[in-house]
Amino acid sequence: MSKQQEPITALYCRLSQEDAREGESNSIANQKAILAKYAKDNGFTRTEFFVDDGFSGTVFDRPGFLAMMDGVKSGTIKTIIVKDHSRLGRNRLVIGTLLEEDFERYGVRYIAIMDNIDSEQGLSDLIPMADLFNEWHAKNTSQKVRSVKHAQGNAGIPLSGVPPFGYLKDPQDKRKWLLDETAAKVVRRVFALCMDGKGPSQIARLLESEKVQTPVEYLRSIGVKTPKKPPRVPFQWEPSTVAAMLERQEYLGCVVNFRTRRKSFKIKKQLRLDPSEWKVFENHHEPIIAKSAWERVQEIRQNKRRSPKSGKTSLFSGLLECADCHSKLYFSKKTEDANNDFFVCSRYRGGRGECTAHYIRDIVLYNLVPEHLRGTLRYVKKYEKYFVQAVNQKSTQEQAKSIAEKKRRCERNKKRIAELDVLFQRIYEDFVAARLSDERFGKLSEAYEAEQSALKAETVQLETELAEEKQSAANTERFLELVRSYTEIDDLTPTILNEFIQKIVIHAPDRSSGTRKQKVEIYYNCVGVLDVSQEDAWIEAIAECRRNQKPKEQKTA
Ligand SMILES: [Zn+2]
């Protein structure tokens, strides 16, 4: 026969990290003292403490709370006492169910000392209200923490824990990053290999064969703590590590904040944000990679140039685009003779696809592209001023209109965002003063919030676009710098091609004149298609190139 045991009185304490910061009054020791005194004064015996230290009231998988609920369900706990109602939790839906259903069902008496709540005296209608405010408090605290982070993030202070490989935290000031030359060399190497046409797997294999330490191995070897584990096989680089490195804007000297966001104060999961929502701050630390090189690598990565199954590849693979369907052209090798290698539109599919062939031989491009490049180089060097004018004129006319329109929309959005803040404040006041029902308040606040966040997202997008439009002058300058960095182009290498050329658009052949004519448009990086082919100066530059090509550079008289 089991002896009927006297039930347990649970004394429940909870302290969150934010509570701890706010001082002693909520400390576990203080809560325990209050609970013990109350229990003694009111004749509760067989008390037992259940404690959750460092747990937010918004989550309910706290060990102490769960242990207490086990006791409730098994019937050993018949009374629960807390210092104040919010100790139990800060989610009014969960708390509501607990009080109105669970505690009732298991016959548990619930006492919140400071709030004067005792379920034996009947649950006051005020409790749901108190719960609502407790939840608001949690939201506010989480918003406070978030707004501090937000302010730091907006001020360009890096929010990430460990700087990217190539940098180390400044021991004097953890907000600063110092260039770590040993690691930076590896980063530069990886970018150079990519420019040379190598993909992440090829780069990873190369580094492994050369026994280059992986970022984690390196950081551990110099005593930097990192949560990541080193590879099981030493020097085993992952292609994904290489790929991620190639995309890091931080190597330009920027800080990138707000790549991720927590979904809500109740959910810990991180959401990846769209790059348009990232905040980028320039000149935070010394760059490892030059801007032009970094941008080339992004282009190359987007094209993801892959070699065909035959293993043979062309310099132009991935660069060619169909003028009609805008797909890539595929490289094809049917015979041993390289003169017969050709490209066709990837949607042609041997005549069964949706597009025509757009056939062009590789050798044609080998002759044409370097010539155009040399001509352009010479032309730009000689007629720099005229060239800049032509490029800028082309872009300013197109841009002036869209800039004005975007600015107008930006301003309108900002005004409405401020209005919504006022509206929200007003309904909140009405709600507190009970002039607005819970339901109505919920609906209105949701609608306001949705409108506001949509406007905010659009405004960020517009501002990014506006910033990019201003870039075009800088782009022309970047192109000029590139041109100046070359005296003459002898051989066409992947690096040269990648540095200068964005894409080459291949048109379908025109046979109307009786002979096969095919238009080929070369889009240069930063400045786009250079439509100067009709100008005498350009034709002259090309001719000059041809004259000077094969024998060594001659001085023109
Ligand atoms: Zn096509």
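Residues numbered from 1 in each chain as written. Predicted model: local features only at pLDDT ≥ 70, side-chain atom pairs only at ≥ 80, totals over all residues.

A. Just the overall build of the protein chain, in detail. Of regular secondary structure, the protein chain possesses 15 helices and 18 strands. Across the 557 residues in the protein chain, those meeting the buried criterion constitute 25%. Residue pairs at least 24 apart in sequence account for 62% of intrachain contacts in the protein chain once pairs closer than 6 positions are excluded. (Helix = DSSP H or I, 4+ residues; strand = E, 2+ residues; numbered from the N terminus. Buried ≥ 20, exposed ≤ 12 C-beta atoms within 10 Å, placed from the backbone. Contact = placed C-beta atoms within 7 Å.)

B. Molecular detail of the sheet that holds strand E18 (residues 528-529). Read from one edge of the open sheet, 4 strands run E12-E16-E17-E18, paired in mixed fashion. Two strands close off the open sheet at either side, each with one partner strand: strand E12 (320-322) and E18. Relative to strand E16 (residues 501-506), E12 is paired through 3 bridges, and the arrangement is parallel. What sits directly across from Cys322, in E16, is Ile506. (Pairing = 2+ DSSP bridges.)

C. The arrangement of unusual backbone geometry in detail. For Arg46, which is not a glycine, the phi torsion comes out positive at approximately 50°. Checked against the element boundaries, Arg46 lands in the loop between helix H2 (28-41) and strand E2 (47-53). The class of Arg46 is partly exposed, set by 13 C-beta atoms lying within 10 Å. With a phi angle near 45°, Arg349 is a residue other than glycine that sits in the positive phi range. One can find Arg349 in the loop between strand E14 (342-345) and strand E15 (360-361).

D. Seen up close, the pairing of strand E4 (residues 109-112). Taken together, the 4 bridges between strand E3 (residues 77-82) and E4 define a ladder with parallel strand orientation. Of the residues in E4, the one forming a bridge with Val82 is Ala112. Where the polypeptide runs from E3 across helix H4 (residues 92-105) and back to E4, its parallel neighbour, the crossover connection is right-handed. Relative to strand E5 (residues 117-118), E4 runs antiparallel, the two being bridged by 2 bridges. (Right-handed = clockwise from strand over helix to strand, strands pointing away.)

E. Highlighting H2. In this model, H2 (14 residues) spans 20 Å end to end at C-alpha, consistent with the 20 Å of a helix rising 1.5 Å per residue. Two residues or fewer after H2 comes Gly43, characterised by a positive phi angle close to 75°. (Expected span 1.5 Å × (residues − 1).)

F. Broad picture of the confidence of the model for the protein chain. Taken residue by residue, the protein chain gives an average pLDDT of 81. The fraction at 70 or more is 83%. Below a pLDDT of 50 lies the segment residues 305-310, which in the model reaches 8 contacts outside its immediate sequence neighbourhood of four places, other chains included. Predicted confidence is poor over residues 551-557, with pLDDT under 50, and the contacts of this stretch with residues over four places away or in other chains come to 4 contacts. (pLDDT = per-residue confidence, 0-100.)

G. Structural view of helix H6 (residues 181-195). For H6, spanning 15 residues, the distance from its first C-alpha to its last is 21 Å, which sits close to the expected 21 Å at 1.5 Å a residue. Those residues of H6 not exposed but buried are Ala183, Val186, Val187, Val190, Phe191 and Cys194. Looking straight down H6, one finds its buried side chains confined to an arc of 135°; they lie on one side. Exposed side chains of H6 directed beyond 90 degrees from the buried face belong to Glu181 and Thr182. (Arc of directions from axis to C-beta.)

H. Spotlight on the pairing of E3. Of all 6 residues in E3, 5 are buried; the element is thus mostly enclosed. Bridge count between strand E1 (residues 8-15) and E3: 5 bridges; the pairing is parallel. Counterpart to Ala10 in the pairing with E3 is Ile80.

I. Representation of the sheet that holds E3 within the structure. Read from one edge to the other, the open sheet built from 5 strands follows the order E2-E1-E3-E4-E5, with strand pairing classed as mixed. Both outer strands of the open sheet, E2 and E5, are each paired with one neighbouring strand and no more. Taken together, the 7 bridges between E1 and E2 define a ladder with parallel strand orientation. When the bridges of E2 are listed, Ala10 appears paired with Glu48.

J. Examining the environment of Ser327 more closely. Topologically, Ser327 is positioned in the loop between E12 and strand E13 (329-332). Separated by 19 residues in sequence, Ser327 and Ser346 place their C-alpha atoms 6.5 Å apart. Every residue in contact with Ser327, bar those within four places of it in the chain, is listed here: Cys322, Cys345, Ser346 and Arg347.

K. How the structure looks around the packing of helix H7 (residues 200-209) against helix H9 (residues 239-247). In the contact formed by H7 and H9, the axes pass within 8 Å of each other and the chain directions differ by 115°. Taken as axis vectors, H7 and H9 run roughly perpendicular relative to one another. In this structure, H7 meets H9 at a crossing whose hand is right-handed. Contacts between H7 and H9 involve Pro200, Ser201, Ile203 and Ala204 from the former and Pro239, Val242 and Ala243 from the latter. Grouping the amino acids of the contact of H7 with H9 by side-chain chemistry returns 6 nonpolar, 1 polar and no charged. (Axes fitted to C-alpha atoms, helices over the stretch in contact; angles between N-to-C directions. Parallel < 35°, antiparallel > 145°, perpendicular 65-115°, else oblique. Left-handed = near helix turned anticlockwise from the far one by under 90°. Nonpolar A, V, L, I, M, F, W, Y, C, P; charged D, E, K, R; others polar.)

L. Structural view of the nonpolar core. Judged by nonpolar contacts, the single largest core of 30 residues is most densely connected at Leu320, Leu329, Phe343, Ile504 and Tyr524. For this core, the secondary structure elements donating two or more residues are E12, E13, E14, helix H11 (362-382), helix H12 (384-432), helix H13 (438-484), E16 and strand E17 (520-524). With 6 residues, H11 is the largest single contributor of residues to this core. Counting 25 residues, the second-largest nonpolar core is a separate cluster that includes Tyr12, Leu88, Ile95 and Ile117. (Core = buried A, V, L, I, M, F, W, Y, C linked by C-beta atoms within 7 Å.)

M. How the structure looks around the environment of His285. Topologically, His285 is positioned in the loop between strand E11 (279-281) and helix H10 (291-303). For His285, the contacting residues outside a window of four places in its chain are Tyr167, Trp177, Leu179 and Gly253.

N. Examining the environment of Thr9 more closely. Structurally, Thr9 can be placed in strand E1. Remark: the alpha-carbon pair of Thr9 and Thr47, spanning 38 residues in sequence, is separated by 4.6 Å.

O. Representation of the packing of H6 against H9 within the structure. H9 packs onto H6 with a crossing angle of 90° between their chain directions and a minimal axis gap of 10 Å. Looking at the two axes, H6 sits roughly perpendicular to H9. Between H6 and H9, the contacting residues are Val187, Val190, Phe191 and Cys194 on the first element and Val242, Met245 and Leu246 on the second. Across the contact of H6 with H9, the residue classes tally to 7 nonpolar, no polar and no charged.

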